[in-house]
Amino acid sequence: MIKQTANFIKDKLGLVSPQTAIILGSGLGGFANILENVTTINYKDINGFPQSSVKGHKGELIRGFIGNNEIICLNGRFHLYEGHDPKIILDVIHILKELGIKRLIVTNAAGSLRKDIMPGSIMLIKDHINFSGKNPLVGPNDESYGPRFPSMNNAYTLLLRKKCKDIAKNIGIELKEGVYLMVLGPNFETSAEIKAFQILGADAVGMSTVPEVISASHCSMEVLGFSVITNYGAGMVDNTPSHQETISEANKASEKLIRLVTEFIKEGN
Ligand code: HPA
């Protein structure tokens, strides 16, 4: 089933040899516009792919180029709060693996837990806390992808992070680095939860990304992750977070992230 779907996608998109895939978070769909020689399929036309029901998530798989680099772009992701089985996310990552993807770039919109990480800024994810209570690896393990008990050391690949920080410095983009905590959602956090997450050592909070990273790390993909900070956590300032704010703030900050990711990809695989 995974291999069949991968072959279908390969044919439909006319894939040659993509090495990098990118998953676009809320309000970050603009990245798709900078790709050249684009081919697209809707998720609904891919057997086994669920629909993304969230506003700001388009639901299409795109093949495009940045320079000579062939990229697969998932424009729209599957969130566990939509009711998807976490295993669906594992399947999608396995499809990417079958397509030859070696490196996954994940992006999301997130709330800040630190006063010095302001809305509009970009946080490079150095590690995560899985506070969702869910895990995509639950169930029988397919040893051909990875071990039953995978290590999550260096899940956010150190070398890629270093390269990215160097590029950010060169092109004048300020990049904070921090720990992303995933909640299941869909409600935003209470102020008591935000205080608790700060004590736990998290720097940003969101409702996605962790299942993709666990799945990708399990099957030995390199991972680079970014949070676009759209708001402060509840209770940190006098503000009520909303999805509308998430999308509009992510749209504003996305120009910086697009520039950074483009440079990163241009520097080669
Ligand atoms: N909490 C959880 N998810 C989010 C937030 C937040 O404050 N902002 C954007 N996504």
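Okay, so let's go over this structure.

Calculation rules
Residues numbered from 1 in each chain as written. Predicted model: local features only at pLDDT ≥ 70, side-chain atom pairs only at ≥ 80, totals over all residues. Heavy atoms only, no water. Axes fitted to C-alpha atoms, helices over the stretch in contact; angles between N-to-C directions. Helix = DSSP H or I, 4+ residues; strand = E, 2+ residues; numbered from the N terminus. Parallel < 35°, antiparallel > 145°, perpendicular 65-115°, else oblique. Left-handed = near helix turned anticlockwise from the far one by under 90°. Contact = heavy atoms within 4.5 Å. Nonpolar A, V, L, I, M, F, W, Y, C, P; charged D, E, K, R; others polar. Expected span 1.5 Å × (residues − 1). Buried < 20%, exposed > 50% of the residue type's maximum accessible area, 1.4 Å probe, protein only. Arc of directions from axis to C-beta. Near = heavy atom within 4 Å. Polar contact = N/O pair within 3.5 Å; in protein donor to acceptor, adjacent residues only side chain to side chain. Areas by Shrake-Rupley, 256 points an atom, 1.4 Å probe, with all protein chains shown as cover. Core = buried A, V, L, I, M, F, W, Y, C linked by side-chain atoms within 4.5 Å.

### What to know about the packing of helix α2 (residues 86-98) against helix α5 (residues 210-218)
Between two packed helices, the angle of one axis relative to the other and the distance separating the axes together describe the packing.
Here is step 1: Between α2 and α5, the least distance of the axes is 9 Å, while the angle of their chain directions is 50 degrees. Between α2 and α5, the angle is such that the two are oblique. In this structure, the crossing between α2 and α5 has a hand that is right-handed. When α2 is examined against α5, the residues Ile89, Leu90 and Ile93 are found in contact with a partner set consisting of Pro211, Glu212, Ser215 and Ala216.
Here is step 2: The class makeup of the residues in the contact of α2 with α5 is five nonpolar, one polar and one charged.

### A short note on helix α1 (residues 2-13)
Here is step 1: Counted at 1.5 Å a residue, the expected span for α1 with its 12 residues is 16 Å, and the 16 Å between its end C-alpha atoms agrees.
Here is step 2: Regarding α1, the residues found buried are Ile2, Thr5, Ala6, Ile9 and Leu13. Buried residues of α1 fall within an arc of 100 degrees about the axis and therefore sit on the same side. Of the residues in α1, the exposed ones pointing more than 90 degrees away from the buried face are Lys3, Gln4 and Asp11.
Here is step 3: Those residues of α1 that are buried are in contact with β2 (36-42), β3 (60-66) and α2.
Here is step 4: Once α1 finishes, glycine 14 follows within two positions and takes phi at roughly 65 degrees, a positive value.

### Description of the site of the ligand
Here is step 1: Close to the ligand lie Ala109, Ala110, Gly111, Phe188, Glu189, Val205, Gly206, Met207, Thr230, Asn231 and Thr246.
Here is step 2: Alanine 109 has a polar backbone atom sitting 3.4 Å from a nitrogen atom of the ligand.
Here is step 3: Between glycine 111 and the ligand, the recorded distance is 3.4 Å, taken from a backbone N or O atom to a nitrogen atom.
Here is step 4: Look at the ligand: alone it shows 260 Å² of surface, and the protein chains cover 95% of it.
Here is step 5: When contributions to the shell around the ligand are tallied by element, the ones reaching two or more residues are β5 (103-112), β8 (204-206) and β9 (222-232).
Here is step 6: The element best represented in the shell around the ligand is β5, accounting for three residues.

### Section: the side chain of arginine 103
Here is step 1: With respect to the helices, strands and loops of the structure, arginine 103 is situated in strand β5.
Here is step 2: Looking at arginine 103, the relative accessible area reads 9%, which means it is buried.
Here is step 3: In terms of polar contacts, arginine 103 uses its side chain to reach the side chain of glutamate 222, at 3.4 Å.

### As for the nonpolar core
Here is step 1: With 45 residues, the main nonpolar core has Ile9, Phe49, Leu96 and Leu104 as its most contacted residues.
Here is step 2: When residues of this core are assigned to their parent elements, the largest contribution, six residues, is made by α2.
Here is step 3: In this structure, Ala109, Leu224, Val228 and Phe264 belong to the second largest nonpolar core, which totals 31 residues.

### Quick notes on the environment of serine 227
Here is step 1: Structurally, the position occupied by serine 227 is in strand β9.
Here is step 2: Using a relative accessible area of 0% as the deciding quantity, one classes serine 227 as buried.
Here is step 3: Remark: the alpha-carbon pair of serine 227 and serine 112, spanning 115 residues in sequence, is separated by 9.4 Å.
Here is step 4: Beyond its immediate sequence surroundings of up to four residues, serine 227 is in contact with Asn108, Ala110, Ser121, Ile122, Met123, Ile125 and Tyr180.

None of this, on its own, says anything about what the molecule does.
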